[in-house]
Amino acid sequence: MDIQQCQRENENTIIKQKRNKTQTVNKYEILKKYFGYDTFRDAQETLIDSILEGKDTVGIMPTGAGKSLCYQIPALLMNENTGGITLVISPLISLMKDQVGSLNQAGIHAAFLNSSLTAAQYYKALEFARQGRYPIIYVAPERLVTEEFLDFALHSRIAMVAVDEAHCVSQWGQDFRPSYLKITEFINRLPGRPVVSAFTATATKEVRDDIIDLLELQMPTVLTTGFDRGNLYFGVMTVKDRYGAVRNYLETHKEDSGIIYCLTRKHVEEVCERLIKDGFSVTRYHAGLSDGERKKNQDDFIYDRVPVMVATSAFGMGIDKSNVRFVLHFGMPKNLESYYQEAGRAGRDGEPAECILYYAGQDVITNQVFIDHNQDNQELDPVTRAMVQERDRERLKKMTFYCFTNECLRDYILRYFGEYKSNYCGNCSNCLTQFEQADVTEIAKALIGCIGSSRQRYGTTVIIDTVHGANTAKIKSYRMNENPCYAVLSKVPTYRIRQVLNHLQLEEYLFVTTDEYAIVKLTPKSKEIMEDGRQIVMKLAKEADRPVKEAQSRSKKTKTGISGGEPFTEREESLFEKLRALRTEIAREEKVPPYIVFSDKTLTHMCMIRPETREEMLKVSGVGEFKFEKYGERFLRCIEAFEKPLS
Ligand code: ADP
Ligand code: MG
Ligand code: ZN
C-alpha cells in the first residue's frame, strides 16, 4: 500500500499551504477546498457545529449520507486552532485504509495505526504522530490501551475521539467487537477529556442507547436522520430461471460495478463459475476461501479490475467502494436488517443504483435451516436459544413478506425500521408496476377448503398443486387427487394461486409454520372467508407490464443524479467512459481505488458542466483545490480532446 508514500508526497504541499495561510479557515472553506463540495448535507452542519462547541455528539445516518466529513472537518478545524489531534476509531483495516487514502488524496495529512503495519512502520508513524504531523489518526480499538500508543496519547493533545461504526460497541448489533469496549477505558486514562463523537448507520433504539451508555457520552447531541436512500431503486423478482435473470441483468449493465449476494457458498461457486463461462468478468468471496484469495478478490473488485463480485454475506463489512451501481440478491437473506445493509452498499456516491432481490420459495427453507442450526447460539442456554430462534423466525417472516407485498417496497423497509412515510416512492418495482384490484375470493376459498379437508398437514406446493390439479406422483401418493378441491382451479395459473396464498398469509387468513416443513395452517380468521362471506380483494400486476424490460434503463446516469431525471445523451455517456478510463489510469499510477481519485458523481457532474478552465473545473462537485492541482489538467485535456472533433 502506498498510502505512506503518498503521505510523504503530500507533505510538502500541505506544509506550503499552511505557511501561506494568513487567517484561519472556516468549515465551508474546508468543505470546498479539500473535498470539493459547495454545501453541507442536511445533518452534517448540525453535527459539525455540535462538535465544535465541544459537545459529545452522536450521528445516526444511513450509509452514504456522509458521516466521515462530520468528524473530519471539525478535526481539521480543531487542529488548526489548538494543534489538537483527532483519533478515529474504526473496526476494520480496510475501512481505515480507504479513509486515510481518501484524505491523502484530498491533501489532508492522515495516518492509520493498525496491525497491517510492520513494527518499523508502526513506530515511524507514531513518531510522526508525536511530531504533530497528523491532524487525524485512525486507530484500531485494540491498539488504544497498548503501552506504546498510550505513551503517545498521554503526551499529546487529543482534541477528539471519533468512533466510527459505533454500533460495534453494542452486543445487539450483528457486528459486535469486544475491543470497542476498550474505548472508554482509553478515554478515561487521558489527562483531559476530549470531545467524543460517535457515528453509525444502525438505527435501532437498543443500539443507540448502548452507544451512549457504553461510550459514556456526556449529555450528547444526538441526531438521527431518516433512513431512506432515495437514489436506490428496490425491486423483487420471482422468476423461474434466476441465473438467467441475473445474467441478463449483467448483460445490460456491462460497464457497471456491482455485487451479487448468494445465500450459500455453493451458490457463490455455481453462479460465479457460470458467469465466467458466459464470458463475464466476475470474482468471488466467501468464508471457505483462503485468506490470500479473499484479499486478492476483494482488491480486484475495489480497484475496479473486476467489476462484479459474487459473494456470501461474509463480504461487505468495510467496503466503502462508492461506485457500486447494483446489488443483486440471488436468494432472500435471513432478515431485513441484513438485506438493507447489503443492498445499501449500492450507490454510496448518491448516484442512482439498483437493489434487486431474486426470490424463490426454497429460500425460506434454506434460511429456516440456518436458523435451526445456528452455530453462534451454541453457548446459549436452551430457553434463551429458543427465544433467539423464535425472534429469528419472526424476522425471516417479515423478510418473506417483503418479497410478497404489492405495496411500496421502500415504504415496507422504512416501516420495518420504524419510519413512516407515504406509500408511494415511484422508485421501486411495485410503485412502477400497474396494478389492478382483483377479487380473488374464489381462489381463497379453494385454498382454505383444500387445507382444511386435508387436515392442515401439507406445505404450500402440495396445496397449490392440488387445487391446480397437478397429476404428479407426489400428489397421488398423498392421495390429494381425491381431495374435494382437487383441480377446482385448473384454469388459474399456479403463480397466481401462489400470489393469493402469499397474500392470505400476509393478511393472516393462513399461517405457514416456521419450521423446515413450512406447513400451511388455518387461522381464526380463515372462517371469515368460508362462513362469513368475506370478500378478498388484492392488488395484482396487470399482465401486460411486468416491470422487467424498463428496468434496464433505470440505473442509467441522469443529469440530476436521481433516477427519473433526464438521462444522459449518448455523447455524454461516451465522455463519461473517456473520463472513467482516465480515472482508472490515474488510479493505477497512484495505486489507489479509482473511486478515491474521483467518485462517479464527480465524473457525471464533469460530463454535464464540461469545464474548460481551472475555475470551471473547481465548480465540479468533488473537485477540491488539492485534487485539481494533481489531476485537474489531465481531466481538462481529456474533455478538450473530446470536444475538439466537433468544433
Ligand atoms: P457514510 O460514512 O455516511 O456512509 P461517507 O462519509 O463515506 O458516508 O460519504 C459518502 C459519500 O458522500 C462520499 O463520496 C463523500 O465524499 C460524499 N459526501 C459527503 N458529504 C458530502 C457533501 N456535503 N456534498 C457532496 N458529497 C458529499
Ligand atoms: Mg462511514
Ligand atoms: Zn415504492
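Before reading further, recall that the structure is shown in the block above.
Conventions adopted
- Along each chain, numbering runs from 1 in the same order as the chain's sequence is written.
- Chain labels run from A onward and ligand labels from 1 onward, assigned in the order the entries are written.
- In keeping with the model being predicted, local features are shown solely for residues with a pLDDT of at least 70 and side-chain atom pairs are shown and tallied solely at 80 or more, while totals for entire chains, interfaces and linings include all residues.
- Hydrogen atoms and water are omitted, and side-chain values are computed over all heavy atoms in the structure.
- Any two rings among Phe, Tyr and Trp, with Trp reduced to its six-membered ring, count as a pair given centres within 6.5 Å; such a pair is stacked if its planes are under 30 degrees apart, edge-to-face if over 60, and tilted if neither.
- Numbering of helices and strands starts at the N terminus; helices are DSSP runs of H or I of at least 4 residues and strands are runs of E of at least 2.
- Distance and angle both matter: a charge sits over a ring if NZ of Lys or CZ of Arg is within 6 Å of the ring centre and within 35 degrees of the ring normal.
- Each reported salt bridge corresponds to a side-chain nitrogen of Lys or Arg within 4 Å of a carboxyl oxygen of Asp or Glu.
- Throughout this description, buried means an accessible area under 20% of the type-specific maximum (1.4 Å probe, protein chains only), exposed means over 50%, and partly exposed covers the range between.
- DSSP calls a pair of strands paired once it identifies at least 2 bridges connecting them.
- Angles here are taken between N-to-C directions and fall from 0 to 180 degrees, while the axes themselves are lines fitted to C-alpha atoms, restricted in helices to the stretch in contact.
- Residue contacts follow a heavy-atom distance rule, with two residues in contact if any of their heavy atoms lie within 4.5 Å.

Caption draft 1: The arrangement of the packing of aromatic side chains in detail. Tallied over the full model, the rule gives 19 aromatic pairs. Ring plane angle 65° and centroid distance 5.5 Å describe the contact between Phe-149 and Phe-152, whose orientation is recorded as edge-to-face. In this pair, Phe-149 and Phe-152 both sit in helix α7 (residues 147-154), 3 residues apart, roughly one turn of the helix. Taken together, the aromatic side chains of Phe-234, Tyr-340, Tyr-416 and Phe-417 make up a single cluster linked through ring pairs. In this structure, Arg-242 is placed above the aromatic ring of Phe-330, and the distance from its NZ or CZ to the ring centre is 4.9 Å.

Caption draft 2: Fine view of the pattern of salt bridges. Across all of its chains, the model carries 42 salt bridges by this definition. As a salt-bridge pair, Arg-305 and Asp-300 come within 2.9 Å of each other at their nearest N and O atoms. Assessed through its relative accessible area of 44%, Arg-305 is described here as partly exposed. Taking relative accessible area as the criterion, Asp-300 reaches 10% and is therefore assigned buried. Between Arg-583 and Asp-600 there is a salt bridge whose closest N-O contact spans 2.9 Å. Linking Arg-583 in helix α23 (residues 570-590) with Asp-600 in helix α25 (residues 600-609), this pair joins segments that are 17 residues apart in sequence. You can call Asp-600 buried: its relative accessible area is 3%. Among the ionic contacts, a cluster of salt bridges with common partners joins Arg-325, Asp-349, Arg-583 and Asp-600.

Caption draft 3: Focus on the sheet that holds strand β12 (residues 324-330). Read from one edge of the open sheet, 6 strands run β8-β13-β12-β9-β11-β10, paired in parallel fashion. In the strand order of this sheet, the two ends are held by β8 (232-238) and β10 (282-285), each with one partner. Neighbour-to-neighbour, the strand axes of this sheet turn through a mean angle of 15°, independent of strand direction. Strand direction decides the pairing type here: β10 and strand β11 (residues 308-311), joined by 4 bridges, are parallel. Bridge pairing links Tyr-285 to Ala-311 in β11. Contacts from helix α15 (residues 382-404) reach β8 and β13 (353-359) within the one sheet, and its direction differs from that of β13 by about 105°.

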